[in-house]
Amino acid sequence: LWSTLNLSISIHYWNNSTKSVFPKTSPIPLKSLTETELRIKEIIEKLDQQIPPRPFTHVNTTTSATHSIATILNPQDTYCRGDQLDILLEVRDHLGHRKQYGGDFLRARMSSRALMAGASGKVTDFNNGTYLVSFTLFWEGQVSLSLLLIHPSEGASALWRARNQGYNKIIFKGKFVNGTSHVFTECGLTLNSSAELCEYLDNRDQEAFYCVKPQHMPCEALTHMTTRNREISYLTDKEKSLFHRMACGETSIVGNQVQSGS
């Protein structure tokens, strides 16, 4: 995905500020369930804004590493240690059309084989199909840059929707022991049952876990938990196709080598 085109683009033009996905937290401990719920709701709402729904009709309209273009901003013949190297990434779909929105899961890395060292780059999403990728040049000598497309925005959106859709993927069974007898009952974060339930509440974050209460045993008799996966998926067949990787697809974005000096 690397391009050696040298565009004269001022970095100040792209230096837009972005709000953190994490809300500001107060050192004061939470005092009530209501305050905790409001705080959790605020976090989820911020995440929903960062990962909006991205429905698609065909894989060809999703982000393509091969067709996307990366350009060094204000390239120099020599860089000094501590300098910042900025790259403008313009993502395109498999048909070569520029994407009009962001949300792609990208991983930027800088490495030195001689020093056996590596560092991450900072990726700023402008939510219009362009990204600013910034590296701080920590070492003298030759470094290699790579930019990897982990998931297209459509795939990240599908995973986020599936994650929030339900908690039925994992089956929990709780073992209750009373003397020499024991019994297993259904457990989970949410239970669709009219039976009497045992509630196990985490006082720190007010999250609760439930088990069906066995007859003639107290809730305190729970000693072990077993789990197994349920054959269920919240992804459509079309969405699943976004996560089929070919052997060469994992190194689809490889950067030129940059010489940095002292």
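What you see is a predicted model; the values in this text were computed from it and never measured.

Engineer: Describe in detail the pattern of salt bridges, supporting the description with residues and values.
Structural biologist: Under the definition given, this model contains 5 salt bridges. Between arginine 81 and glutamate 140 there is a salt bridge, and its shortest N-O distance comes to 3.7 Å. Of this pair, arginine 81 sits in the loop between strand E2 (79-80) and strand E3 (84-93) while glutamate 140 sits in the loop between strand E7 (130-136) and strand E8 (141-151), placing them 59 residues apart in sequence. On the basis of relative accessibility, which here comes to 40%, the residue glutamate 140 falls in the partly exposed class. The residue arginine 161 makes a salt bridge to glutamate 239 at a minimum N-O spacing of 2.6 Å.

Engineer: Can you lay out the nonpolar core for me, pointing to particular residues and giving the numbers?
Structural biologist: Leu85, Ile87, Leu89, Met110 and Phe135 are the most contacted members of the largest nonpolar core, which has 21 residues in total. Among the elements of the structure, strand E1 (63-72), E3, strand E4 (105-112), E7 and E8 are those that each provide at least two residues to this core. Phe176, Cys198, Phe209 and Met217 belong to the second-largest nonpolar core, a separate cluster that totals 7 residues.

Engineer: Describe the sheet that holds E3, naming the residues involved and giving the relevant values.
Structural biologist: The strand order across the open sheet built from 4 strands is E1-E3-E7-E6, with neighbouring strands paired in antiparallel fashion. Taken across any chain shown, the strands that pair with only one partner, and hence form the sheet edges, are E1 and strand E6 (122-125). Ignoring which end each strand starts from, the neighbouring axes of this sheet average 25° apart.

Engineer: Pulling in residues and values, what's your account of the environment of methionine 217?
Structural biologist: Tracing the chain through its elements places methionine 217 in the loop between strand E12 (208-212) and strand E13 (222-229). Excluding residues that lie within four positions of it along the chain, methionine 217 makes contacts with Phe176, Val177, Asn178, Ser181, His182 and Val183.

Engineer: Which residues make up the sheet that holds strand E10 (residues 181-188), and what values do they have?
Structural biologist: Judged by pairing direction, the sheet is antiparallel, and its 5 strands sit side by side in the order E11-E12-E10-E9-E13 without closing on themselves. In this open sheet, the two strands that pair with only one neighbour each are strand E11 (197-201) and E13. Strand-to-strand, the axes of this sheet are offset by a mean angle of 30°, without reference to chain direction. Here strand E9 (residues 170-178) pairs with E13 via 7 bridges, running antiparallel. Residue pairing across strands places lysine 175 opposite histidine 224, the latter belonging to E13.

Engineer: Which residues make up the pairing of E1, and what are the values?
Structural biologist: The element E1 is extensively covered by neighbouring structure, given that 7 of its 10 residues are classed as buried. Two elements, E1 and E3, share 6 bridges in a ladder whose sense is antiparallel. Bridge pairing in E3 places threonine 71 opposite leucine 88.

Procedures and definitions
- Residues numbered from 1 in each chain as written.
- Predicted model: local features only at pLDDT ≥ 70, side-chain atom pairs only at ≥ 80, totals over all residues.
- Heavy atoms only, no water.
- Salt bridge = Lys/Arg side-chain N within 4 Å of Asp/Glu carboxyl O.
- Helix = DSSP H or I, 4+ residues; strand = E, 2+ residues; numbered from the N terminus.
- Buried < 20%, exposed > 50% of the residue type's maximum accessible area, 1.4 Å probe, protein only.
- Core = buried A, V, L, I, M, F, W, Y, C linked by side-chain atoms within 4.5 Å.
- Pairing = 2+ DSSP bridges.
- Axes fitted to C-alpha atoms, helices over the stretch in contact; angles between N-to-C directions.
- Contact = heavy atoms within 4.5 Å.

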